[in-house]
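Structural characterization, general
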Amino acid sequence: MEEPSEPSEIAVSSTANRVLIVGGGYAGVNAAIAAQQRGVDVTIVDPTGRHDFVTRLAAVAGGSAPVGDASVPLDQLICGENDEVIVDRVVSVVDGAVELASGRSLTGAALVVTAGASSVQPPIDGIEFALPLRTAEEALRLRTEISSVDAVVIVGGGPTGVQLAGAISHTQPEMTVTLVEREPVLLPSMSRGLGRNAARILSERGVSVLHGSIKSIDETGAELSDGTRCDGLVVWAAGFAAVGNDLGLDVLQDDGRILVTDQMAVRGLDRTFAAGDVAAHLDSSGQQFSMSAQIAVQAGTEAGKNAARLILGEPLESVKLRQRGWVLDLSGQRGLAELGPFAFDRPILDLVPPLLHWAIDVKHVYEILGRRATEYFPGRGGDPDAA
């Protein structure tokens, strides 16, 4: 067997005439497509080698969507003759280059960091007993775990928690489902009407909605700060933190997001861009956008375009991102949506959002795959156990 190289002899794989992309999520894939459309080759580095359909994970975990909706191999999305996918984890970033966990180094004419975010780990006694829901792997594990219990406690009443509660209560109406949200309303980042409608739909399905903070978690449930005990498998869906500080880049101290310019460039660097959940994208008023797939798609696309412009010797362009609204599918042909000034926050109207959610998913798949999209159609065949 070949002896491992000494640290000073680490092999360097040159990608000097292409865009190097860290992460294969919504921002990373769209950055790659944008660069390819400008005639620039791409290399994606991702620890799993798969693209997770994050907006479908709650439905997959809850059993209302097929397991095949969780993810797809990146090399089936980024399949140009000179493009490549490297399955490895990036441990550090310098301008235009990265070091991998395997010891390799990669350089590129331009670099786009789209490493995403991970579930927060607050200092709560027993937090290790809570199962997170952020990746396809975690969704598939949850799907298996949920099928073998009779009660689930979901911590976090944001989009992920609400959709997971909706999926479980629809597919397993006999299951005891408890949803715990720290704020006095569900979906606190959205309109009060959507939060009330979410509570109504979930209540009609027998979901118990509690408001308060988690004091402790153990193998059989969780205890709230007021002493209320909730028994069941605990799922943590109470927020995410960006991983920019793990890469050695300048970040906002509160959530680990990388500081970027309006051209998607990492501040202080010349050949490195960042997009998606890992970056601090600002709206027209200077406020940070919430982490979401729609912002990741927009930002990734623009970062990929500017990375290609840099390689082609063209001037970079400033970017204006837009929060177009929210669409949540609670399964069972019920959902929530907020599009501009209009909110689907009343009975009967909640029949429309699942159709909108499906259409958005289909649009995303078709933009990536083109005619091959039928092979990875969200919810294809309607079989919850389809691979």
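Being a predicted model, the structure only gives us computed values, none of them experimental. (Residues numbered from 1 in each chain as written. Predicted model: local features only at pLDDT ≥ 70, side-chain atom pairs only at ≥ 80, totals over all residues. Heavy atoms only, no water.)

When its secondary structure is counted, the protein chain shows 7 helices and 22 strands. A compact globule built from 387 residues should have a C-alpha radius of gyration of about 21 Å, and the protein chain, at 21 Å, falls within 12% of that. Projected onto the principal axes, the alpha-carbon positions of the protein chain cover approximately 60 × 45 × 45 Å. Put simply, the protein chain has 387 residues, and 51% of those count as buried. Taking the average location of the 30 positive side-chain charges in the protein chain and that of its 50 negative ones, the two points are 9 Å from each other. (Helix = DSSP H or I, 4+ residues; strand = E, 2+ residues; numbered from the N terminus. Rg over C-alpha atoms; globule rule 2.2 N^0.38 Å. Buried < 20%, exposed > 50% of the residue type's maximum accessible area, 1.4 Å probe, protein only. Lys, Arg positive; Asp, Glu negative; His and termini not counted. Charge placed at Lys NZ, Arg CZ, Asp CG, Glu CD.)

Attention now moves to the nonpolar core. Judged by nonpolar contacts, the single largest core of 38 residues is most densely connected at I154, V162, L187 and L336. Broken down by secondary-structure element, the contributors of at least two residues to this core are α2 (57-62), α3 (136-146), β11 (151-155), α4 (159-171), β12 (176-181), α5 (192-204), β17 (233-236) and β20 (325-329). If you tally residues by element for this core, the top one is α2, at 5 residues. Discounting chain neighbours no more than four positions away, the residues touching L336 are V162, L187, L194, N197, A198, I201, W326, V327, L328, L330, F344 and P353. Core analysis: the second largest hydrophobic core is formed by 34 residues, V40, I44, V112 and A299 among them. (Core = buried A, V, L, I, M, F, W, Y, C linked by side-chain atoms within 4.5 Å. Contact = heavy atoms within 4.5 Å.)

If charged atoms from side chains of opposite charge come close, those side chains can pair. Within the structure shown, the criterion is met by 11 salt bridges. Two residues, R56 and D69, come together in a salt bridge whose shortest N-O distance is 2.8 Å. One end of the pair, R56, is in the loop between β3 (50-52) and α2; the other, D69, is in the loop between α2 and β4 (71-73), with 13 residues separating them in the sequence. The class for R56 is buried, based on a relative accessible area of 10%. With a closest N to O distance of 3.7 Å, K305 and E302 form a salt bridge. Placement of both K305 and E302 in helix α6 (residues 293-312) is noted, with a separation of 3 residues, approximately one turn of the helix. Judged by relative accessible area, K305 falls into the partly exposed class, the value being 28%. For E302, a relative accessible area of 23% gives the class partly exposed. Each of the salt bridges in this network shares a partner with another, and the network as a whole consists of R200, E204, R334 and D350. (Salt bridge = Lys/Arg side-chain N within 4 Å of Asp/Glu carboxyl O.)

What follows deals with the sheet that holds strand β15 (residues 221-224). The strand order β14-β15-β16 describes an open sheet built from 3 strands, whose pairing is antiparallel. Two strands in the sheet have a free side with no partner beyond their single neighbour: β14 (214-218) and β16 (229-231). Pairs of neighbouring strands in the sheet enclose a mean axial angle of 15 degrees, with direction left out of account. As paired strands, β14 and β15 are joined by 4 bridges and run antiparallel to one another. Considered in β15, the bridge of S216 is made with E223. (Pairing = 2+ DSSP bridges. Axes fitted to C-alpha atoms, helices over the stretch in contact; angles between N-to-C directions.)

Within the open sheet, the 3 strands sit side by side as β20-β21-β22. Their pairing is antiparallel. Pairing within the sheet leaves two strands with one partner each, and these edge strands are β20 and β22 (342-344). The mean angle between the axes of side-by-side strands here comes to 5 degrees, regardless of whether they run parallel or antiparallel. Note: strand β21 (residues 335-339) against β22, 3 bridges, orientation antiparallel. Directly across from A337, in β22, lies its bridge partner F344.

On to the pairing of strand β7 (residues 97-100), then. The sheet contact formed by strand β6 (residues 90-94) and β7 spans 4 bridges and is antiparallel. The residue of β7 that forms the bridge with V93 is V98. The loop that links β6 with its antiparallel partner β7 comprises 2 residues; one of these, G96, has a positive phi angle of about 80 degrees. Where β7 and strand β8 (residues 105-113) come together, 3 bridges link them in antiparallel fashion. Each bridged residue has a counterpart across the sheet, and for E99 the counterpart in β8 is S105. Linkage of β7 to β8, two consecutive antiparallel strands, is achieved through a turn of 4 residues, within which G103 is found at a positive phi near 100 degrees.

A word on α3. Burial in α3 covers these residues: A136, A139, L142, R143 and I146. Buried residues of α3 fall within an arc of 120 degrees about the axis and therefore sit on the same side. With respect to the buried face of α3, the exposed residues turned more than 90 degrees away are E137 and T144. (Arc of directions from axis to C-beta.)

Over its 13 residues, α5 extends 18 Å from the first C-alpha to the last, a length consistent with the 18 Å expected when each residue adds 1.5 Å. Within α5, the full set of buried residues consists of G193, L194, G195, N197, A198, I201 and L202. Elements that come into contact with the buried residues of α5 comprise α4, β12, β21 and β22. Following α5 by one or two positions, G206 adopts a phi angle in the positive range, close to 90 degrees. (Expected span 1.5 Å × (residues − 1).)

α6 packs onto helix α1 (residues 26-37) with a crossing angle of 35 degrees between their chain directions and a minimal axis gap of 7 Å. Here the hand of the crossing between α1 and α6 comes out right-handed. The residues of α6 that touch α1, namely those facing Y26, A27, N30, A31, A34 and A35, are A293, A296, V297, G300, T301, G304, K305 and A308. Looking at side-chain class alone, the contact of α1 with α6 contains 9 nonpolar, 4 polar and 1 charged residues. (Left-handed = near helix turned anticlockwise from the far one by under 90°. Nonpolar A, V, L, I, M, F, W, Y, C, P; charged D, E, K, R; others polar.)

Honestly, it's all geometry; don't read function into it.
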